[in-house]
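# Structural features, examined
Below, each chain spelled out in residue letters.
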Amino acid sequence: MHRGKSVLVACAATAALLGPVGIAAADGSAPASTPAAAPSAKAPKGAGDGSRGLCKRAKKIDKRLDRALKRLKGPATVRGSVARLTKRVERAKKADHTEVQTFLDHKLTFRRSLVPTLEQRQKDLSKVQKWCAARGEGSGGAKGSAK
């Protein structure tokens, strides 16, 4: 029942949007050619790859990566650090909790693999930031100069 209503609403919305265009095209009047010109005006905005949004968010992403790496590389007193999890694995081994030790060891392996991945993302992001700056886009320069 719900699906039928959704299809009906979608069809009605499509008909409402296409109705005036179809009438104008049937009349043979000039406004039928103006919608064709509008998409070409919007084409330079972006290639559809999300580059504009990425340029806008680059600073926030960089801060998030810094924060995550700082946490992972932190001392044993920092929650989420590799050192803290290493200590937990050692304690589980000492207490002869093999199941817990196995679980934590797998978790530690994954956490250690995150460090080089996040470092590579930082390098890639710095290249993206340079690319955005060269194009005049980004959090700082895009608001005034691009528009």
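Up top is the structure these notes are about.
None of these values were measured; they are calculated from a predicted model.

## What to know about the side chain of S81
- With respect to the helices, strands and loops of the structure, S81 is situated in the loop between α3 (51–72) and α4 (82–94).
- Taking the relative accessible area as the measure of exposure, S81 reaches 0% and is therefore buried.
- For S81, the side chain forms a polar contact with the main-chain oxygen of V78, separated by 2.9 Å.

## A short note on the nonpolar core
- Counting 15 residues, the largest nonpolar core has L65, L72, L104, L108, L118 and L125 as the members making the most contacts within it.
- Contributing elements (two or more residues each) for this core: α3, α4 and α5 (98–135).
- With six residues, the single largest contributor to this core is α3.
- Sequence-distant contacts of L118, that is, excluding residues within four places in its chain, are made with L65, A68, L69 and L72.

Analysis parameters
Residues numbered from 1 in each chain as written. Predicted model: local features only at pLDDT ≥ 70, side-chain atom pairs only at ≥ 80, totals over all residues. Heavy atoms only, no water. Helix = DSSP H or I, 4+ residues; strand = E, 2+ residues; numbered from the N terminus. Buried < 20%, exposed > 50% of the residue type's maximum accessible area, 1.4 Å probe, protein only. Polar contact = N/O pair within 3.5 Å; in protein donor to acceptor, adjacent residues only side chain to side chain. Core = buried A, V, L, I, M, F, W, Y, C linked by side-chain atoms within 4.5 Å. Contact = heavy atoms within 4.5 Å.

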